[in-house]
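Remarks on the overall topology
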Amino acid sequence: MSIQWFPGHMTKARRQIQEKLKLIDVAIELLDARLPMSSRNPMINDILHNKPRLIVMNKSDLADPDMNARWLKLFRCEGHAAIAVDASTGSNVSQIPVEARKLLEEKIQRQIAKGMKPRPVRALIVGIPNVGKSTLINKLAGRSVAATGDRPGVTKGQQWIRVGTEMELLDTPGILWPKFEDQEVGYRLAATGAIREEILNVEDIAFYALKYLASQYWDRLAERYSLEQPPVDMDNPDEILNIMEDIGRKRGCLMGGGRIDLEKASGIILRELRAGKMGRITLEEPYSFMVE
Ligand code: G4P
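Quick caveat: nothing in here was measured; it's all calculated off a predicted structure.

Cut-offs used in this document
Residues numbered from 1 in each chain as written. Predicted model: local features only at pLDDT ≥ 70, side-chain atom pairs only at ≥ 80, totals over all residues. Helix = DSSP H or I, 4+ residues; strand = E, 2+ residues; numbered from the N terminus. Rg over C-alpha atoms; globule rule 2.2 N^0.38 Å. Buried ≥ 20, exposed ≤ 12 C-beta atoms within 10 Å, placed from the backbone. Contact = placed C-beta atoms within 7 Å. Axes fitted to C-alpha atoms, helices over the stretch in contact; angles between N-to-C directions. Parallel < 35°, antiparallel > 145°, perpendicular 65-115°, else oblique. Nonpolar A, V, L, I, M, F, W, Y, C, P; charged D, E, K, R; others polar. Pairing = 2+ DSSP bridges. pLDDT = per-residue confidence, 0-100. Expected span 1.5 Å × (residues − 1). Arc of directions from axis to C-beta. Core = buried A, V, L, I, M, F, W, Y, C linked by C-beta atoms within 7 Å.

What follows deals with the overall build of the protein chain. For the protein chain, the helix and strand inventory stands at 11 helices and 7 strands. For 292 residues, the compact-globule estimate of 2.2 N^0.38 gives 19 Å, and the protein chain sits close to it at 21 Å. Each principal axis of the C-alpha atoms in the protein chain carries an extent, and together these give about 80 × 40 × 35 Å. Evaluated residue by residue, the protein chain yields a buried proportion of 38% over its 292 residues. Taking all contacts inside the protein chain whose residues are at least 6 apart in sequence as the whole, residues at least 24 apart take part in 67%.

Packing of helix α10 (residues 237–250) against helix α11 (residues 262–274) brings their axes to within 9 Å, and their N-to-C directions diverge by 85 degrees. Comparing the axis directions of α10 and α11 gives the class roughly perpendicular. Contact with α10, carried on its side by Met 244, Ile 247 and Gly 248, involves Leu 262, Lys 264, Ala 265 and Ile 269 of α11 and no other residues of that element. Across the contact of α10 with α11, the residue classes tally to 5 nonpolar, 1 polar and 1 charged.

With that out of the way, let us pick up the pairing of strand β6 (residues 167–170). Side chains Met 167 and Leu 169 project from β6 onto a buried face, and the interleaved Glu 168 and Leu 170 project onto a face without burial. Sheet topology note: the strand β5 (residues 160–163)/β6 ladder contains 4 bridges and is antiparallel. Each residue of the ladder has a partner; that of Arg 162, found in β6, is Glu 168.

Okay, unusual backbone geometry next. Phi is positive for Asn 130, close to 75 degrees, though the residue is something other than glycine. In the Ramachandran plot, Ser 226 falls in the positive-phi region, its phi being about 50 degrees despite a non-glycine side chain. Its place among the elements puts Ser 226 in the loop between α9 (218–225) and α10. The class for Ser 226 is exposed, based on 9 C-beta atoms found within 10 Å.

Let us look at the confidence of the model for the protein chain. Note: predicted coordinates in regions of low pLDDT should not be interpreted at a detailed level. Confidence in the prediction of the protein chain, expressed as mean pLDDT, is 92, and 93% of residues score 70 or more. The ipTM for the predicted assembly is 0.96, set against a pTM of 0.93.

This next bit is on helix α3 (residues 65–77). With 13 residues, α3 ought to run about 18 Å at 1.5 Å a step, and its terminal C-alpha atoms sit 18 Å apart, in line with that. Within the span of α3, buried status applies to Met 67, Asn 68, Trp 71, Leu 72 and Phe 75. Buried residues of α3 fall within an arc of 135 degrees about the axis and therefore sit on the same side. Residues of α3 that are exposed and angled more than 90 degrees away from the buried face: Asp 66 and Ala 69. Taken together, the buried residues of α3 touch β2 (53–58) and β3 (81–84).

Ranked by size, the top nonpolar core spans 74 residues in total, and within it Val 26, Ile 28, Val 56, Ala 123, Ala 191, Ala 209 and Leu 210 carry the most contacts. Among residues more than four places away in sequence, those in contact with Ile 28 are Leu 54, Val 56, Ile 96, Ala 123, Leu 124, Ile 125 and Val 126.

Mapping Thr 135 onto the fold places it in helix α6 (residues 133–141). Once the C-alpha coordinates of Thr 135 and Val 145 are considered, the two residues, 10 residues apart in sequence, prove to be 9.4 Å apart.

So, on to the environment of Leu 124. Here Leu 124 is to be found in strand β4 (residues 121–127). The buried category is assigned to Leu 124, around which 22 C-beta atoms lie within 10 Å. Taking the C-alpha atoms as reference points, Leu 124 and Glu 168, separated by 44 residues in sequence, lie 8.8 Å from one another. Setting aside residues no more than four positions away along its own chain, Leu 124 makes contact with Lys 20, Leu 21, Ile 24, Ala 27, Ile 28, Leu 170 and Gly 174.

Moving on to helix α8 (residues 202–216). Taking 1.5 Å per residue, 15 residues should reach 21 Å; α8 reaches 21 Å between its end C-alpha atoms and fits that length. Here α8 has its buried residues at Ile 205, Ala 206, Phe 207, Tyr 208, Ala 209, Leu 210, Lys 211, Tyr 212 and Leu 213. Contact partners of the buried residues in α8: α7 (183–192), α9, α10 and α11.

Moving on: the environment of Asp 219. Residue position: Asp 219 is located in helix α9. The exposure class assigned to Asp 219 is exposed, which follows from the 11 C-beta atoms found within 10 Å. Sequence separation between Asp 219 and Met 278 is 59 residues, and the spatial gap between their C-alpha atoms is 9.5 Å.

Before going further, it helps to spend a moment on the packing of α8 against α10. In contact at an axis separation of 10 Å, α8 and α10 are set at 100 degrees when each is read in the N-to-C sense. Judged by the angle between their axes, α8 and α10 are roughly perpendicular. Residue-level inspection shows Ala 206, Phe 207, Leu 210, Lys 211 and Ala 214 of α8 in contact with α10, the latter providing Ile 240, Ile 243 and Met 244. In terms of residue class, the contact of α8 with α10 is built from 7 nonpolar, no polar and 1 charged.

Pasting the structure below:
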């Protein structure tokens with residue numbers, strides 16, 4: 001699903017989240033593990049302000065396991081609580097209430113010391129479209145409560161969902177807008193299907209993905225499409241184009257005169273990348289300043 005974001009939408013989305021933030025103890029910032037930086041809202045620190053935050057890298061089943069570990073390490077080095085989950089199967093989702101509670105441990109201990117009975121931690125899931133917010137809410141609830149494909153600006157009566165004894169979750173997520181200012185971010189988001197292909201040219205998106213795959217995951221690419229030679233110069237567009245044509249030829253994407261239908265080949269590459277047919281792939285590396 002996709003949303004065309006305009007400044008008015010952003011202001012409204014932000015206002016709606018800020019209303020919800022008043023009701024909760026912890027914000028769960030949902031990111032796509034395949035692109036943890038590009039799937040981040042550009043104003044998230046400003047929006048969440050001082051609210052305790054748990055970073056949850058979703059779709060970790062589709063992302064490179066080594067990279068998942070490195071990204072988690074980076075977020076933790078930055079002082080955030082962070083975990084990786086797969087909301088579609090529920091893998092590691094049970095850690096969310098545990099980690100959310102940990103963030104409030106001091107407050108809870110103070111309440112206990114005063115003889116108060118602490119109430120469950122109240123949480124809100126926030127993230128850009130398609131990152132898996134509704135899937136995660138449904139998984140945490142153990143039933144279908146959130147309609148996938150929620151839209152910003154569509155309000156309905158919100159309710160608390162009880163997640164075990166430790167947590168209560170708002171049944172409607174906070175929907176945030178993605179980054180727009182950087183074209184590379186746009187390509188990465190489009191490569192995973194997070195933003196509409198029509199916004200960017202499908203061949204450009206596939207070209208971008210192919211260049212990245214050729215440089216970072218050549219063996220996987222070569223195996224999937226029986227490719228022989230890695231490009232000699234990754235910065236030479238002709239070499240990347242040759243790979244695209246080779247894939248197109250092998251997959252029967254032909255036009256009249258023996259020409260390759262690059263649009264069709266691009267569609268195949270992107271579909272297979274998104275479906276994990278080339279294995280688990282992360283499209284961006286943690287920053288180089290990360291402590292190893
Ligand atoms: P949203 O509320 O944040 O917009 O996202 P939503 O839950 O609708 O999830 C978007 C797509 O991502 C869904 O696929 C969903 O099944 C998939 N998804 C969510 N979490 C995970 C995960 O941890 N792993 C994997 N592999 N997939 C996940 P869909 O219904 O097929 O939609 P689409 O792919 O056609 O957009």
